[in-house]
Amino acid sequence: MKLVVNGEKVEIPHTVDRVHTLLQHFNLDQKVVIVELNDEILEKGSHQETRVCDGDKIEIVHFVGGG
Amino acid sequence: MLKIGSYEFKSRLLLGTGKYPNFEIQKEAVAVSKAEILTFAVRRMNIFEASQPNFLEKLDLSRYTLLPNTAGAKTAEEAVRIAKLAKASGLCDMIKVEVIGCQKTLLPDPVETLKATEELLKEGFIVLPYTSDDVLLARRLEELGSHAIMPGASPIGSGQGIVNPLNLSFIIEQANVPVIVDAGIGTPSDAALAMELGADGVLLNTAVSGAKDPVKMANAMKLAIEAGRLGFEAGRIPKKRYATASSPMEGMSIG
């Protein structure tokens, strides 16, 4: 399946079909991250059940140092 | 106590988390500063480098209140999006509205700042807008319902200190919500002056992170803010044009 993650085209296995498993795929499931799926911000509790589909646009953001 | 929305803080120093030499120094500086509010920015993650360490992971989050900023936003719409992203982390409901209108001076865009503040207040955020030292703009932001007003002392990261203490004192005088002097602080005396003018807090980053010894400077800022606050509460003496002797004139044993 093809996705656009943080502006980059990526190819991921079809077994990765939820936001939660996508985060696992990138080793991000233990990190504090916020996910936006097709311009819609996801609440943390919905990562488990939210599906990702071919062509989805995903933004994964986090907190970095700033003033 | 510094009260912002439903929160209460003992410390009046709000510390930024950008540009420290390394995490170890940063961790120590944060600890020494006794700051309870830490600011962060929201950025895209490098998904191919998940193992990259992140300062947030090194913190005991039960001890700190996170104040994410909307830095990077040039419009109200972008600021609102960043604020919503930050809130979706489930870690915070406070937001520092920062909408930069000029890349050279990094001064905030007043119109977009107002718009973003209004929208985020409607959405239920605890909103702390970063603003210029414009007195009327500060009033308008308060009238919208902002939980604190954060006027800049001088441009971000410039270390020029308080360039317009008069405006700042007008802002402080008129405000019924906390006024936190944000940006431009260079030295402990700048921070102390802000507090002596009656500010409720000071937010700084580069003054500590860019110091030769950030840990020592964090301590200096903590002490300066405490001293400035005490001085404000104690009430300064009026300035006089000529001298007034501190020692009595009576009982002199000479002449």
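Placed above this text is the structure.
What counts as what
- Residues numbered from 1 in each chain as written.
- Chains lettered and ligands numbered in written order.
- Predicted model: local features only at pLDDT ≥ 70, side-chain atom pairs only at ≥ 80, totals over all residues.
- Heavy atoms only, no water.
- Pairing = 2+ DSSP bridges.
- Helix = DSSP H or I, 4+ residues; strand = E, 2+ residues; numbered from the N terminus.
- Contact = heavy atoms within 4.5 Å.
- Buried area = accessible area lost by both parts, 1.4 Å probe.
- Salt bridge = Lys/Arg side-chain N within 4 Å of Asp/Glu carboxyl O.
- Buried < 20%, exposed > 50% of the residue type's maximum accessible area, 1.4 Å probe, protein only.
- Expected span 1.5 Å × (residues − 1).

### Quick notes on the sheet that holds strand β7 (residues 126-131) of chain B
Overall, parallel pairing links the 3 strands, which are arranged β6-β7-β8 (chain B) in an open sheet. A strand with exactly one partner marks an edge of an open sheet, and here the two such strands are β6 (94-97) and β8 (150-151) of chain B.

### A look at the interface of chain A and chain B
The interface of chain A with chain B comprises 26 residues on the first partner and 32 residues on the second. Between chain A and chain B, the buried area comes to about 2,500 Å², and carbon and sulfur atoms account for 63% of it. Considering only the surface of chain A that becomes buried against chain B, A:H62, A:F63 and A:G67 emerge as the three largest contributors, covering 27% of it. Along the contact surface separating chain A from chain B lie 3 salt bridges.

### Examining unusual backbone geometry
Of note, the phi angle at A:N38 is positive, near 45°, even though the residue is not glycine. Following the sequence through the fold, A:N38 ends up in the loop between β3 (34-37) and β4 (40-41). A residue is classified by how much of its surface remains accessible, and A:N38, at 39% relative accessible area, is partly exposed. Here the phi dihedral of B:K19 falls at roughly 65°; this positive angle occurs in a residue that is not glycine.

### Comments concerning the side chain of B:K96
Mapped onto the elements of the fold, B:K96 is located in strand β6. Since its relative accessible area comes to 3%, B:K96 is described here as buried. Look past the residues within four positions of B:K96 in its chain and what remains in contact with it is A:G67, B:L67, B:P68, B:N69, B:T70, B:L128, B:Y130, B:M150, B:D182 and B:L203.

### Section: helix α3 (residues 110-122) of chain B
Residue and element names in this part refer to chain B. Its 13 residues place the ends of α3 18 Å apart at the C-alpha level, agreeing with the 18 Å of an ideal helix rising 1.5 Å per residue. Of the positions making up α3, those classed as buried are E112, T113, L114, A116, T117, L120 and L121. Elements in contact with the buried residues of α3: α2 (76-87), β6, β7 and α4 (135-144).

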